[in-house]
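Spelled out, the chains give:
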Amino acid sequence: MAEEYSIAIALVDFIPTFLFPLGVFFFQEFFKTQGYTRSRFLWIGGGFFVFLGGLFKAIWKLNMALTETSIAFLTDSLFVVQSIGFTCLFIGTLLFIRQDREKLIGKPTIPLTAMALWKVPFMAIQTLTCLGTNGLLVYYAFQNKNKKSAFLLISNVIIIFLMVGLGSTDLNIVVQWIAELTNTIGQICFSLAGYLFMKDVKK
C-alpha cells in the first residue's frame, strides 16, 4: 500500500521535530549548571543530528504531500543521522551518570563500553540508544527524588514503543494522525522532563 500524506499531517510533523531540541536545550543547561562539559557538548551535537534527521523526514513528508514525489535522500538519511545523534546522547548521558556516581562514592559504577536491509543496524542503534538514554535519565531522576521527571521520561519510553508499533502498520491517514499526535505528546513529555531537570538544579 502506497503511503499518502496530506499537507496538514506533513505540517503537524514539524511540531515534535521542533519540540525535541527544546528538550535538548533544557538538558544541556542542566549539564552546564552541573559542570558536565563533555556530556553537555555530546548532547548539543547529538541533539543536532537527531533534529536534523527529523527535519529531513518532515520536509520529505511535506514534499510528498505537495508533489507526490519522493526524495530518497531525505527519508533514507533519517535512520543514519538519528542513530549517530542518539548514540551521542547515550554516551553523554552515560558519562554524566558515571561522573555523578564518582562524586558520590569516589569510583565509577557503570563501565563505558564500547525495512531495507541496510537500515536495520541503524534502526537498532537509533532505538536502543534512544531507550538507553531515557533509561539512564529515569535512573538518575529516581535517585534524586525527581519523580515528575522520571514519570515523564517513562511516558516518553512508552510512546517510543507505541511509535514502533504504529510504524509496523499500514500508514493510512488515520494511523498517520495517531502517530503524529502520539509523537508530539512524547516530545512534550521529553521537553517537560528536561525543564524539570534544569529547574531542580537552579532552586
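Residues numbered from 1 in each chain as written. Predicted model: local features only at pLDDT ≥ 70, side-chain atom pairs only at ≥ 80, totals over all residues. Heavy atoms only, no water.

Trainee: Now, about a nonpolar patch on the surface: what can you tell me, with residues and values included?
Mentor: Side chains of I7, L11 and L66 sit close together on the surface and give an oily, nonpolar patch of about 290 Å² of accessible area. Looking at where L66 falls in the secondary structure, it is placed in helix α3 (residues 37-67). (Patch = residues over 30% accessible without salt bridge, like charges linked within 9 Å, V, L, I, M, F, W, Y side chains within 5 Å. Areas by Shrake-Rupley, 256 points an atom, 1.4 Å probe, with all protein chains shown as cover. Salt bridge = Lys/Arg side-chain N within 4 Å of Asp/Glu carboxyl O. Helix = DSSP H or I, 4+ residues; strand = E, 2+ residues; numbered from the N terminus.)

Trainee: Provide a residue-level description of the pattern of salt bridges, including the pertinent values.
Mentor: Pairing between side chains becomes possible if they bear opposite charge and their charged atoms approach one another. For the structure shown, the criterion picks out two salt bridges. Residues D13 and K61 are paired through a salt bridge, measuring 3.7 Å at the closest nitrogen-oxygen approach. Taken together, the positions of D13 in the loop between α1 (7-12) and α2 (14-34) and K61 in helix α3 put the pair 48 residues apart, joining distant regions of the chain. A salt bridge links E180 to K61; the nearest nitrogen and oxygen atoms lie 2.6 Å apart. K61 sits in the buried class, given a relative accessible area of 12%. Look at the salt bridges and you will find they share partners, linking D13, K61 and E180 into a network. (Buried < 20%, exposed > 50% of the residue type's maximum accessible area, 1.4 Å probe, protein only.)

Trainee: Go over the environment of K61, please, and point to the residues and values.
Mentor: Once the C-alpha coordinates of K61 and A10 are considered, the two residues, 51 residues apart in sequence, prove to be 5.3 Å apart. With sequence-adjacent residues up to four places away left out, K61 is seen in contact with Y5, A10, D13 and E180. (Contact = heavy atoms within 4.5 Å.)

Trainee: How would you sum up the packing of α2 against α3? Please name residues and give values.
Mentor: Close contact between α2 and α3 brings their axes to 9 Å; oriented N to C, the two are set at 175°. On the basis of their axis angle, the class for α2 and α3 is roughly antiparallel. Contacts from F14, T17, F18, F20, P21, V24, F27, Q28, F31 and K32 of α2 reach α3 at S39, R40, W43, I44, G47, V50, F51, G54, L55, A58, I59 and L62. (Axes fitted to C-alpha atoms, helices over the stretch in contact; angles between N-to-C directions. Parallel < 35°, antiparallel > 145°, perpendicular 65-115°, else oblique.)

Trainee: Give me the lowdown on the nonpolar core, citing residues and values where you can.
Mentor: Residues F27, W43, L153 and F197 are the most contacted members of the largest nonpolar core, which totals 30 residues. Contributions of two or more residues to this core are made by α2, α3, α4 (72-105), α5 (120-143), α6 (147-167) and α7 (173-201). The leading source of residues in this core is α5, at seven residues. In this structure, W43 is in contact with V24, F27, F31, L89, G92, T93, T133, L137 and F190, ignoring residues within four places of it in sequence. Counting seven residues, the second largest nonpolar core, distinct from the first, contains Y5, W60, M64 and A65. (Core = buried A, V, L, I, M, F, W, Y, C linked by side-chain atoms within 4.5 Å.)

Trainee: A description of unusual backbone geometry should follow, citing residues and the corresponding values.
Mentor: One can expect most non-glycine residues to show negative phi and most peptide bonds to be in trans. For E68, which is not glycine, the phi torsion reads 60° and is therefore positive. Here E68 is to be found in the loop between α3 and α4. Look at E68 and you get exposed, because its relative accessible area is 71%. The residue K145 is not glycine, and still its phi comes out positive at about 55°.

Trainee: Could you give me a rundown of the confidence of the model for the protein, with the residues and numbers involved?
Mentor: Across the protein, the average pLDDT comes to 83, with 84% of residues at or above 70. With pLDDT under 50 throughout, residues 108-115 is counted as low confidence; its partners more than four residues away or in other chains account for 13 contacts. (pLDDT = per-residue confidence, 0-100.)

Trainee: Hey, could you go over the packing of aromatic side chains for me, with residue numbers and the actual values?
Mentor: Applying the stated rule across the entire model yields 21 aromatic pairs. A centroid spacing of 5.5 Å and a plane angle of 70° characterise the contact between F26 and Y195, whose relative ring orientation is edge-to-face. Judged by relative accessible area, F26 falls into the buried class, the value being 13%. Here W43 and F190 contribute two aromatic rings whose centre-to-centre distance is 6.2 Å and whose plane-to-plane angle is 5°, an arrangement assigned as stacked. Residue class for W43 comes out buried when judged on its relative accessible area of 0%. Three or more aromatic residues link up through ring pairs in this structure, and these residues are F20, F27, F30, F31, Y36, W43, F86, F96, Y140, F190 and F197. One Lys or Arg, R40, reaches over the ring of F41 and ends 5.4 Å from the middle of that ring. (Phe/Tyr/Trp six-rings, centres within 6.5 Å; stacked < 30°, edge-to-face > 60°. Lys NZ or Arg CZ within 6 Å of the ring centre and 35° of its normal.)

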